[in-house]
Amino acid sequence: MSILGTNERPLRVAIVGAGPSGFYVADDLLKQELRIKVDIYEKLPAPFGLVRYGVAPDHEKIKKVIKIFEKIASNPRLSFLGHVTVGRDISVEELRKFYDAVIFCQGAEADRNLGIRGESLQGSYTATQFIGWYNGHPHYKDCQFDFFHEVAVIIGQGNVAMDIARILNSTQEELSKTDITKKALEALAESKLKEVHIYGRRGPIQAAFTPNEIKELGQMADCYPVVDLKDLELSQESRNEIHGVVNSYRQKNYEILQSYANLPYDSRKRKIFFHFLRTPVEIVGSNKVEKVRFEINELVPEAGQQTVRGTGQFEEIPCGLFFTSIGYAGVPILGVPFSPSKGIIPNRLGRVLNGQRAISGWYVSGWIGHGASGVIGTNKIRAEETVRALIEDSRDLVPCENPSTQAVKKLLKSRNIEPVTFIDWKNIDAYEIMLGLRSGKPREKLTDIDQMLSVAQGPQKLSN
Ligand code: NAP
C-alpha cells in the first residue's frame, strides 16, 4: 500500500467549489509538509464564486482578493476543473475513487424564504436573483426586474440588503466604471424608483448590518437615508446590548443612524427608509405585488440577544418591487449529509458527520459548513480548522483506488464533459477584460455558458 503524502505518492484531495473557502483550503493544504495534490471542482466555467458573483460591483477593493486566488491557482500541484457539477456529472462516491479526501466548499447559494403568502407574485424577488443578475451569474442572466415602480421594499437588515439598496439607488456615474453587466446598467438607468424601504424585524441595535455598509448609504450621489428619530428610542435592555468591545459595531451603527435621523432637508432624488420592529406577514396583490402587510413587533428581553413578539397591530405599505434578503442556505449534494433546518453539511471541526459519526475522508469548510456569515477573510480561519482535521486524520485515510486526475478526466469525457482548466479560464478572463476596456469598465462579464465555453478555447479557436 502506498503511503499518502510521502514521496511514494502524494495525498490527493478534491475540493468542491472554487469560491473563497475553496481557495483558502487549497492554499492551506498546499503549504503543509505532506506532499499534497489538489483538484478544485467548480460547476461554472469561471472560478471565484462569491467574489465574482456575490460581492457588489462597486466594492472593487474586496474583489482584489482574486489576485491572491490566482497566485494559489498557479501552484503546479493544483488543477482547476471548471464546468463540472459534483453530484450530477460525477457522484461523490465516484470522486472518492480518485481522491483520498473530498472537501466540500460550495458555499450557500440558495435564499432563505419568508414562507408567507404572495412570495411568488410577479415583482417579488430574492437577493440571489437580483445580485446574480447584476453580477452576471449565468443562472440569473435572464431575470427581469420591473423598475418602473416608484417604491421598493427590502426585507432583512444584513449587509446583503444594504448592497441591494445601494445598487438600486446608484446613479449611472456611480456604476458605469464597475464590472456590473451592461444589461443591468441599462435597465437600472431607466429606473423610476424614488423610495426603497428596508425592514428589520428587530430594533436598530439588533440589526445585522455593519457601520461601513450603512455609512455608504449616506454618501450616495442622488439618494439619501431616512431614519425616524422615534425608532431610535432605546429600552434599557437595548442599551445594555451596545456595551462591550464585541458590540462596538452596534454603537457605531447607532451613531450613524442617529446622524441620519438628524439630516437637514436633502435635495437628492431618491430616499432609503429604515424601518424597525416589523415582520412581513403577507405580500398582497392579485397577480403582482401591490403592497406588503406587516405586523408591528415589540422586543422581548432575553439574556444576550433580544427576540420579538407580534403586538397584533398591523400596517401596510404600497409597493411594486419586493426583495427578500434574509440570509442564505446551502444546497444539498446527492449522497452527502445535509441539515435542511440549518442549510449546512453537519460537521465537527470540519469533519462531515453522519449522525454523530465522522465520515472518513469527507470534510467541509466555509458557508456550507458554518452557515452564511462573516466576511471573505473569515473563510481563511475556517479553512485552517478543516485542513488541521484532515492532516490529523491523514495516516488513517483509506487510500483511493485510482489516484489519477487523468483517470477522472477520462471518466468525465465518457460523459461528454470537458473540464475548463485555469488556462481556459484565463482566456475568458482576458476576453472579458478586453470587452470591458471598450466601455471603460474593468471587465464585461460573459453570462452565457456556451459563449464562455467557446471563448475558453482561446482566440485561435474563436476565429475559426
Ligand atoms: P445576515 O447578515 O444574516 O442578515 C439577515 C437579515 O435577515 C437579518 O436582519 C435578520 O434578522 C433578517 N431575517 C432573517 N430571517 C428573517 C425572517 N424570517 N423575517 C424577517 N427578517 C429575517 O445575512 P446577509 O445580509 O445575507 O449576509 C450574509 C453574510 O455576508 C453576513 O455575514 C454579511 O455581513 C456578509 N456580507 C458582507 C458584505 C460586506 O462586507 N460588504 C456584503 C454583503 C454580505 P435577525 O437578525 O432578526 O435574524
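Summarised in this report is the structure supplied together with it. (Residues numbered from 1 in each chain as written. Predicted model: local features only at pLDDT ≥ 70, side-chain atom pairs only at ≥ 80, totals over all residues. Heavy atoms only, no water.)

1. Observations concerning the sheet that holds strand E12 (residues 291-300)
Thought 1: Sheet architecture is open: three strands sit in the order E11-E12-E13, paired in antiparallel fashion. A single partner strand is all that each edge strand has here, and the edge strands are strand E11 (278-284) and strand E13 (307-318). Looking at each pair of strands side by side, their axes are set apart by 20° on average, direction ignored.
Thought 2: As paired elements, E12 and E13 share nine bridges and run antiparallel to each other. Considered in E13, the bridge of Glu295 is made with Phe314. (Pairing = 2+ DSSP bridges. Helix = DSSP H or I, 4+ residues; strand = E, 2+ residues; numbered from the N terminus. Axes fitted to C-alpha atoms, helices over the stretch in contact; angles between N-to-C directions.)

2. Points about the site of the ligand
Thought 1: In the vicinity of the ligand lie 21 residues, with Gln157, Arg201, Arg202, Glu213 and Gly374 positioned nearest.
Thought 2: At 3.1 Å from an oxygen atom of the ligand is found a side-chain nitrogen or oxygen belonging to Asn159.
Thought 3: For the ligand, whose accessible area on its own is 910 Å², the fraction buried by protein is 78%.
Thought 4: Broken down by element, the shell around the ligand gets its largest block of residues, three residues, from helix H7 (residues 159-169).
Thought 5: Residue composition of the shell around the ligand, grouped by class: eight nonpolar, nine polar and four charged. (Near = heavy atom within 4 Å. Polar contact = N/O pair within 3.5 Å; in protein donor to acceptor, adjacent residues only side chain to side chain. Areas by Shrake-Rupley, 256 points an atom, 1.4 Å probe, with all protein chains shown as cover. Nonpolar A, V, L, I, M, F, W, Y, C, P; charged D, E, K, R; others polar.)

3. Section: unusual backbone geometry
Thought 1: For Phe48, which is not glycine, the phi dihedral falls at a positive 90°.
Thought 2: Following the sequence through the fold, Phe48 ends up in the loop between strand E2 (36-42) and helix H2 (49-53).
Thought 3: Take Phe48: its relative accessible area is 1%, and that puts it in the buried class.
Thought 4: You will see that Leu349, though not glycine, has its phi angle at about 50°, which is positive.
Thought 5: Within the secondary structure, Leu349 sits in the loop between strand E16 (347-348) and strand E17 (351-354).
Thought 6: You can call Leu349 exposed: its relative accessible area is 53%. (Buried < 20%, exposed > 50% of the residue type's maximum accessible area, 1.4 Å probe, protein only.)

4. Things to note about the pairing of E11
Thought 1: Judged from the six bridges that link them, E11 and E12 form a sheet pairing that is antiparallel. Bridge pairing in E12 places Arg278 opposite Ile296.
Thought 2: Between E11 and E12, which pair antiparallel one after the other, the connecting turn spans six residues.

5. Here's the deal with the pattern of salt bridges
Thought 1: Per the counting criterion, the structure on display carries 33 salt bridges.
Thought 2: Residue Asp100 pairs with Arg9 through a salt bridge whose shortest N-O separation is 2.6 Å. Of this pair, Asp100 sits in the loop between helix H5 (92-98) and strand E4 (101-104) while Arg9 sits in the segment before strand E1 (11-16); the two residues are 91 residues apart in sequence, bridging distant segments of the chain.
Thought 3: Overall, Asp100 belongs to the buried group, its relative accessible area being 0%.
Thought 4: Judged by relative accessible area, Arg9 falls into the buried class, the value being 8%.
Thought 5: Salt bridges linked by common partners bring Arg52, Lys67, Glu70, Lys426, Asp429, Glu432 and Arg443 together as one network. (Salt bridge = Lys/Arg side-chain N within 4 Å of Asp/Glu carboxyl O.)

Function cannot be read off these values alone, since they describe shape.
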